[in-house]
Amino acid sequence: MARLGVSHLYASPILMARAGSMHGYDVVDPTRVNPELGGEDGFRGMVAALRSEHLGLIVDIVPNHMAISPENAWWQDMLRLGRSSPHGDVFDIDWHPQNALLDNKVLLPVLGKPYGEALDDIRLMHGASGQEVHYFDNAFPIRPEDAAEISALGLEAYDAADAAGRARLHRLLERQHYRLAFWRTAGDDINWRRFFDINELAGVRVEVPRVFEATHATLFRLYAEGLIDGVRVDHVDGLADPRAYCRRLRARLTELKRERPAYLVVEKILGVGESLALDWQVDGTSGYDFMNDVSAVQHDPDAAPALSSLWASLSGRSAAFEPEEIEARHETLDRGFGGQLDACVDALYRVALLGLATRDVSRAAVRRTVIALLAHFPAYRGYATQDQRPAGDQAVYARALEGAHAERDLARPEVVARIVGWLCAPDGPVRQAAATRFQQLSAPVAAKAVEDTAFYRYGRLLSRNDVGFDAARLGIRPGEFHRRAHARGTQFPDAMLATATHDHKRGEDVRARLAALSECPDEWGAALHGWIGRNARYRAQAGAPSAGDEVMLYQMIVGAWPTTLTAEDRPGRHAFTERLAGWQEKALHEAKLRTSWTSPDAGYEQAARAFLDAVMGDDGFAAEAATFADRLGPAGAVNGLAQAVLKLTVPGVPDLYQGTEFWDQSLVDPDNRRPVDFPARIAALEAAEPPAVLAGAWRDGRVKQAVIARVLALRRRSPGLFVGGDYTPLTVEGPCAERVIAFARRSDDTALMVVVPRLVFGLMTGDGIAIPRAAWGGTTVLPPAWLEGRVWRDVIGGSERRMGASVSVGEILERVPVAVFDGLSRAAPPHGGRPARS
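Being a predicted model, the structure only gives us computed values, none of them experimental. (Residues numbered from 1 in each chain as written. Predicted model: local features only at pLDDT ≥ 70, side-chain atom pairs only at ≥ 80, totals over all residues. Heavy atoms only, no water.)

## Things to note about the sheet that holds strand E25 (residues 807–808)
- Pairing within the open sheet is antiparallel, and its 3 strands lie in the order E19-E22-E25. Each end of this open sheet is capped by a strand with a single partner; those strands are strand E19 (731–733) and E25.
- Bridging between strand E22 (residues 780–782) and E25 involves 2 bridges; their strand directions are antiparallel. By the bridge assignment, Val 781 is partnered in E25 with Val 807. (Pairing = 2+ DSSP bridges. Helix = DSSP H or I, 4+ residues; strand = E, 2+ residues; numbered from the N terminus.)

## Considering a nonpolar patch on the surface
- Judged by side-chain polarity, Met 1, Phe 678 and Ile 682 come together as a nonpolar surface patch covering roughly 280 Å² of accessible area.
- Topologically, Met 1 is positioned in the segment before strand E1 (8–11).
- Residue class for Met 1 comes out exposed when judged on its relative accessible area of 54%. (Patch = residues over 30% accessible without salt bridge, like charges linked within 9 Å, V, L, I, M, F, W, Y side chains within 5 Å. Areas by Shrake-Rupley, 256 points an atom, 1.4 Å probe, with all protein chains shown as cover. Salt bridge = Lys/Arg side-chain N within 4 Å of Asp/Glu carboxyl O. Buried < 20%, exposed > 50% of the residue type's maximum accessible area, 1.4 Å probe, protein only.)

## Overview of the sheet that holds strand E12 (residues 198–203)
- Across the sheet, which stays open at both edges, the 3 strands sit in the order E5-E12-E11 with antiparallel pairing between neighbours. The outermost strands of the open sheet, each flanked by one partner alone, are strand E5 (65–67) and strand E11 (194–195).
- Examined bridge by bridge, E5 and E12 share 3 bridges and lie antiparallel to one another. By the bridge assignment, Ala 67 is partnered in E12 with Leu 201.

## Focus: helix H5 (residues 163–174)
- Taking 1.5 Å of rise per residue, 12 residues should cover 16 Å, and H5 covers 17 Å from first to last C-alpha, within 8% of that figure.
- Among all positions of H5, only Gly 165, Leu 169, Leu 172 and Leu 173 are buried. Down the axis of H5, the buried side of the element spans an arc of 95°, and every buried residue falls inside it.
- Next to the buried residues of H5 lie helix H3 (115–118), strand E7 (122–127), strand E8 (130–135), helix H4 (147–153) and strand E10 (178–182). (Expected span 1.5 Å × (residues − 1). Arc of directions from axis to C-beta. Contact = heavy atoms within 4.5 Å.)

## Notes on unusual backbone geometry
- Of the consecutive residues Ala 544 and Pro 545, the connecting peptide bond is found in the cis state with omega at 5°.
- Locating Pro 545 in the fold gives a position in the loop between helix H20 (536–542) and helix H21 (547–560).
- Each neighbour pair has its own omega, and for Asp 669 with Pro 670 the value is 10°, a cis peptide bond.
- Looking at the element boundaries, Pro 670 is found in the loop between strand E17 (653–654) and helix H25 (678–687).
- Positive phi, normally seen in glycine, also occurs at His 54, with a value near 60°.
- Mapping His 54 onto the fold places it in the loop between helix H1 (39–52) and strand E4 (56–61).
- For Phe 136, which is not a glycine, the phi torsion comes out positive at approximately 55°.
- Looking at the secondary structure, you find Phe 136 in the loop between E8 and strand E9 (138–141).

## Let's talk about the side chain of Asp 94
- Considering the arrangement of structural elements, one finds Asp 94 in the loop between helix H2 (73–81) and strand E6 (106–111).
- For the buried Asp 94, no salt bridge is present, and the opposite-charge side chain at shortest range is Arg 437, 4.3 Å distant.
- Only 3.2 Å separates the side chain of Asp 94 from the backbone nitrogen of His 96, close enough to count as a polar contact.
- With residues up to four places along the chain from it excluded, the contact list for Asp 94 reads Asn 191, Ala 343 and Arg 437. (Lys, Arg positive; Asp, Glu negative; His and termini not counted. Polar contact = N/O pair within 3.5 Å; in protein donor to acceptor, adjacent residues only side chain to side chain.)

## Thoughts on the pattern of salt bridges
- Summed over all chains, the structure comprises 71 salt bridges.
- The partner of Arg 175 in a salt bridge is Glu 149, and the shortest N-O contact between them spans 3.3 Å. With Arg 175 in the loop between H5 and E10 and Glu 149 in helix H4, this residue pair connects regions lying 26 residues apart in the sequence.
- Measuring nitrogen to oxygen at the nearest pair gives 3.4 Å for the salt bridge that ties Arg 674 to Asp 671.
- Salt bridges sharing common partners tie together Asp 289, Asp 293, Glu 480, Arg 483, Arg 484 and Arg 488.

## With respect to the pairing of strand E13 (residues 230–233)
- Alternating residues of E13 divide into Gly 230 and Arg 232 and Val 231 and Val 233, and every residue in both groups is buried.
- Pairing analysis gives 4 bridges linking E4 to E13, with the strands arranged parallel. Its bridge partner lying in E13, Ile 61 is registered against Val 233.
- Crossover E13 to strand E14 (residues 263–266) through helix H8 (residues 242–255) is right-handed. (Right-handed = clockwise from strand over helix to strand, strands pointing away.)

## A closer look at the packing of aromatic side chains
- Scanning the model with the defined rule gives 23 aromatic pairs in all.
- Between Tyr 397 and Phe 438, the ring centres sit 6.3 Å apart and the planes meet at 35°, which makes this aromatic pair tilted. Of the two residues, Tyr 397 sits in helix H14 (residues 391–405) while Phe 438 sits in helix H16 (residues 428–451), which places them 41 residues apart along the sequence.
- By relative accessible area, which is 1% here, Tyr 397 ends up buried.
- The exposure class of Phe 438 is buried, given its relative accessible area of 0%.
- An aromatic cluster is present here, built from Trp 524, Trp 531, Tyr 554, Phe 621 and Phe 628 joined pairwise through their rings.
- Between Arg 746 and the ring centre of Trp 786, over which it is positioned, the NZ or CZ distance is 4.2 Å. (Phe/Tyr/Trp six-rings, centres within 6.5 Å; stacked < 30°, edge-to-face > 60°. Lys NZ or Arg CZ within 6 Å of the ring centre and 35° of its normal.)

That's the geometry; what it means functionally is another story.
Here it is as structure tokens:
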């Protein structure tokens with residue numbers, strides 16, 4: 001990593017997670033470093049190794065939720081003692097829900113069948129915490145008040161095998177601070193906030209000062225000792241008050257008086273037109289907004305009508321994304337968030353009961369209104385509190401109100417207006433509680449409905465369906481990309497810039513290749529019609545997939561077809577098919593149209609898999625698919641290089657997800673978390689072949705690594721350019737002006753100029769990634785006056801030139817299809833501080 005040129009290791013959560021966790025986001029003990037990762041001794045050893053190479057460390061933290069299991073001592077103590085537990089205020093529990101059976105109890109939807117049937121499988125046993133209720137791998141503590149009775153009667157008296165024991169066990173369970181229930185009741189009855197709709201992850205009340213300190217104590221200690229340089233806050237929108245949390249976190253880190261301020265970014269999905277608030281005191285988002293921007297600028301927006309029509313005609317589904325999103329939001333609320341919806345409605349109804357003018361607002365009317373607002377909410381959430389009225393909230397709620405008014409059969413306009421008023425101005429504790437409930441409901445509904453449902457139903461072009469993306473907008477033009485980059489550089493110059501993450505649905509180079517389809521919608525349509533006809537016999541034999549699922553499958557085949565795989569390589573095709581099958585299984589479940597995780601249709605899933613095996617086993621189809629993937633491949637590779645260069649040179653801190661310095665043709669998790677072939681990457685880096693040479697062998701991915709390494713070396717040599725350097729879009733003239741993104745950056749005596757192409761599918765010939773000079777037709781970039789007259793070096797291509805009044809695009813992109821020109825430089829400081837300053 002140090003040789004590649006990165007400044008920091010960016011690690012997933014390091015605190016103790018559930019046993020066997022493959023990612024660390026299911027923390028069970030925030031006071032300990034995860035022993036399965038080596039514990040604190042192992043952590044300190046890792047940091048020592050990083051420091052020996054002048055590398056810093058950024059860690060992911062999970063303040064929103066904890067995993068609940070017998071390993072979580074805080075959760076178990078709360079189950080044992082109820083609200084009186086010292087940890088009773090840690091978890092976000094509604095102790096007085098509408099369901100009277102749950103008053104002062106916690107619903108535990110863990111049973112695999114209805115309670116009356118599952119009672120036979122429940123046992124009273126001696127366990128780690130004394131007398132416990134066991135249900136397979138689950139263990140639940142017993143109230144101290146019941147210990148004497150159990151000791152007197154003996155454990156065998158509670159054996160559900162006989163009627164008396166069953167009745168006695170039932171009465172014992174009814175006295176506990178929890179209520180065991182069938183897992184299918186969770187969506188309707190659960191009375192505690194979950195992470196999205198996951199029953200194993202419970203929301204944490206970090207807004208309580210004592211809880212904040214307890215859950216962050218280990219982080220603060222490690223930061224104070226200089227072992228951590230910054231944090232990425234996971235799912236910040238799940239918190240009661242993200243602004244207050246971020247400001248408190250910044251203040252506490254600042255109190256620890258490190259030489260350099262902590263780097264602090266938040267995982268935040270920005271809605272259309274939404275900006276991160278400037279007063280959160282964070283360095284920016286974790287980069288989904290940039291990921292969307294760089295993807296959008298590589299798609300041709302003019303292809304939207306043709307691709308929309310093609311999708312609708314072949315799939316029978318909506319040509320537009322909005323209807324899919326609204327339908328998915330309604331379904332998500334109905335299927336997965338009934339309990340949380342009830343809590344939100346109850347909170348808002350209490351507001352209605354406060355005023356005489358609102359006595360005519362029934363609870364049913366409040367419920368219908370909340371559903372209508374959430375179905376049309378254009379952002380993850382609002383942020384209004386008693387003390388803060390963010391300006392951005394007004395626009396968000398205005399759009400939600402407009403959408404809710406469209407559902408007149410669901411919500412009365414005057415009730416919608418009143419509730420929006422309460423949410424925008426939550427004066428007093430009752431309104432504040434209601435607003436918080438709504439805000440903490442809208443965020444998970446958006447995540448589950450949009451990213452985990454509608455994105456798997458809408459297949460116009462899957463490269464525009466990813467975390468944080470605006471799927472409704474196929475593409476943007478260079479001017480809009482420049483505007484967004486400049487705004488980020490002005491407001492959050494140290495924001496993280498991502499193009500791949502552990503959560504992405506398609507690898508960055510899969511998206512880059514699929515973007516080329518926006519340049520050839522007619523050719524793509526012809527291929528789809530041909531494949532649908534050719535494979536009709538397999539579809540008839542299997543009885544699946546649906547038309548929409550079939551079209552999306554073909555996109556994934558051509559988009560993710562490995563660059564080094566030939567149609568003749570049957571073992572390679574089989575391995576690729578297995579990867580596609582993993583994607584297909586998740587895609588079908590997440591779409592929730594014919595099957596789902598909670599209501600699986602095994603017959604449909606098996607039929608869809610049979611179809612996949614049949615078409616991928618067909619030599620003729622495989623040859624056609626490989627040929628089409630090869631047609632897209634060079635343009636996709638150029639897009640991948642351009643994407644990498646933009647991430648490394650526009651304002652912000654670039655993030656390289658593990659292994660993506662070679663082509664990233666991964667699919668959704670767990671495919672995007674496969675082991676990385678580091679020896680191959682090390683060998684390529686040590687060979688140090690120039691990009692101009694590697695361009696001829698572009699399929700193995702080494703050219704991408706070489707480009708990244710050279711630009712990272714420039715970041716080391718000229719840090720001032722990337723910390724505070726200004727950002728100046730450059731004028732491009734000529735017949736291919738819209739196919740070029742060009743800008744300059746300058747700070748003190750250093751400067752650079754970047755030129756990368758877009759929409760190159762129609763310019764390319766043959767199998768290589770070189771773009772013929774003649775294809776640009778005299779297109780030129782006009783540098784600003786302060787760039788003229790000096791000798792500049794292309795850090796990627798290796799050439800030197802004196803900058804004139806104009807620069808020929810065809811000339812500078814002829815050998816390598818991306819260019820970064822470097823002016824005067826100076827030495828870089830050592831690593832170990834904030835990423836933007838290294």
